[in-house]
Amino acid sequence: MAWVDYQKAYDSMPHSRLLQCFQIHKISPVLCKFFSFVMKSWRASMVLSCGNSMIKTRLMQTRRGIFQGDSISPLLFCMALNPLSKELNRTGYGYRMTTGHGETAKRQLISHLLYMDDLKLYGRNSDQLDGLLHTVLTFSDDIQMKFSLDKCAVAYFVNGRLSGHNSGVTVGKTNTINCLELGQVYKYLGVDESNCIQHSLMLERLRREYFRRVKVVLRTELYGQNKILAINWFALPVLNFLFWRHSLGVHGPAAARLTDQKAPLYARCLPSCCRHRPTVRSLQCWGRGYNRLSRHINLVL
């Protein structure tokens, strides 16, 4: 297993690669001409302040990078890396898993997981893993993107246990990816992973983060209805991973009761005699639309 992360992924994406991906995905020629024209107008200048004087360079055209925070940027980035996923599937490496039963059963090849610039590779042995890493390196060199080696890692497992490979994996001529040591974990998409997911640690971490976000919302000067909406959109999604993994166990009902009872009360958006009003779903029925945690668990599952 290997985890790969790119160095300054958004800032390193070449504009020429994006224009090629437009043609690969058969995007409308109108949009292709629009982005080609817009990218030529992306320019920047550097300003240096020194005492009372200021030095400003001329406008320089940028040929790499997309804007962070722009609504279209994630789509452009995913479109540029989508061919990498296809190339990894063509290798035939990875694990074959069966989905469905009987006549509907299908064999699915799992060689990688890709979310934005966070890539996770699966190989049945060291040779397959080296082949997958070589494919990723070749693709990255073609689009002129580099690995963030301090955020990459490799792990070898034998019979479900982490093997003691101390030497790293050499990728290319000078790039070396370190191996996980015994007792060490890798944080992938906010989840600590090793030979298995550390559920107990994740439960405690997400529990603290959930109640921290609830307290942040309740301490604001928002109106009662807006506080409830903020809890629904800002705090509850933190626990989606635990609900999906069924790892809340006996703590799930307790957390649900604690939040359902105290969050509307702490919000002080209604008198104590109307403490059940925030849990009414419909705002038209004089409710606040608070998405109760117990109800949210059932919706996710």
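As shown above, the structure is provided for reference.
Residues numbered from 1 in each chain as written. Predicted model: local features only at pLDDT ≥ 70, side-chain atom pairs only at ≥ 80, totals over all residues. Heavy atoms only, no water.

## Topic: the nonpolar core
Nonpolar side chains in soluble globular proteins tend to end up buried together.
Here comes step 1: Core analysis: the largest hydrophobic core is formed by 40 residues, its most contacted members being Leu-121, Leu-133, Val-136 and Val-154.
Here comes step 2: Looking at this core, the element that brings in the most residues is helix H4 (residues 73-90), giving 7 residues.
Here comes step 3: If sequence neighbours within four positions are ignored, Leu-133 has contacts with Ala-2, Val-4, Leu-121, Val-154, Val-169, Val-171 and Ile-177.
Here comes step 4: Core analysis: the second largest hydrophobic core is formed by 14 residues, Tyr-210, Ile-231, Ala-235 and Leu-236 among them. (Core = buried A, V, L, I, M, F, W, Y, C linked by side-chain atoms within 4.5 Å. Buried < 20%, exposed > 50% of the residue type's maximum accessible area, 1.4 Å probe, protein only. Helix = DSSP H or I, 4+ residues; strand = E, 2+ residues; numbered from the N terminus. Contact = heavy atoms within 4.5 Å.)

## Some remarks on the packing of aromatic side chains
Here comes step 1: Inspection of every chain in the model, using the stated rule, returns 7 aromatic pairs.
Here comes step 2: Site record: aromatic cluster; members linked through ring pairs are Phe-22, Phe-34 and Phe-35.
Here comes step 3: Lying across the ring of Phe-234, Arg-213 places its NZ or CZ 4.7 Å from the centre. (Phe/Tyr/Trp six-rings, centres within 6.5 Å; stacked < 30°, edge-to-face > 60°. Lys NZ or Arg CZ within 6 Å of the ring centre and 35° of its normal.)

## Let's talk about the pattern of salt bridges
Here comes step 1: Following the criterion strictly, the structure yields 3 salt bridges and no others.
Here comes step 2: In this structure, the salt-bridge partner of Arg-90 is Glu-87, at a minimum N-O distance of 3.1 Å. Highlighted residues: Arg-90 and Glu-87, both in helix H4, separated by 3 residues, approximately one helical turn.
Here comes step 3: Since its relative accessible area comes to 32%, Glu-87 is described here as partly exposed.
Here comes step 4: Of the charged contacts, one joins Arg-213 and Glu-209 as a salt bridge, the two residues approaching to 2.8 Å between their closest N and O atoms. Of the two residues, Arg-213 and Glu-209 both sit in helix H6 (residues 199-218), 4 residues apart, roughly one turn of that helix. (Salt bridge = Lys/Arg side-chain N within 4 Å of Asp/Glu carboxyl O.)

## Some thoughts on the pairing of strand E9 (residues 118-121)
Here comes step 1: Burial of the side chains of E9 extends over both faces: Asp-118 and Lys-120 are buried on one face and Leu-119 and Leu-121 on the other.
Here comes step 2: As judged from the 4 bridges shared by strand E1 (residues 2-5) and E9, these two strands associate in the antiparallel manner. Bridge pairing in E9 places Trp-3 opposite Lys-120.
Here comes step 3: Sheet analysis places strand E8 (residues 112-115) next to E9, joined by 4 bridges and oriented antiparallel. When the bridges of E9 are listed, Leu-114 appears paired with Leu-119.
Here comes step 4: Two successive antiparallel strands, E8 and E9, enclose a turn made up of 2 residues, where Met-116 displays a positive phi of approximately 55°. (Pairing = 2+ DSSP bridges.)

## Observations regarding the environment of Leu-76
Here comes step 1: For Leu-76, the position within the fold is in helix H4.
Here comes step 2: Among the residues examined, Leu-76 registers a relative accessible area of 4% and is labelled buried.
Here comes step 3: Those residues in contact with Leu-76 that lie beyond four places of it in its chain are Leu-18, Phe-22 and Phe-35.

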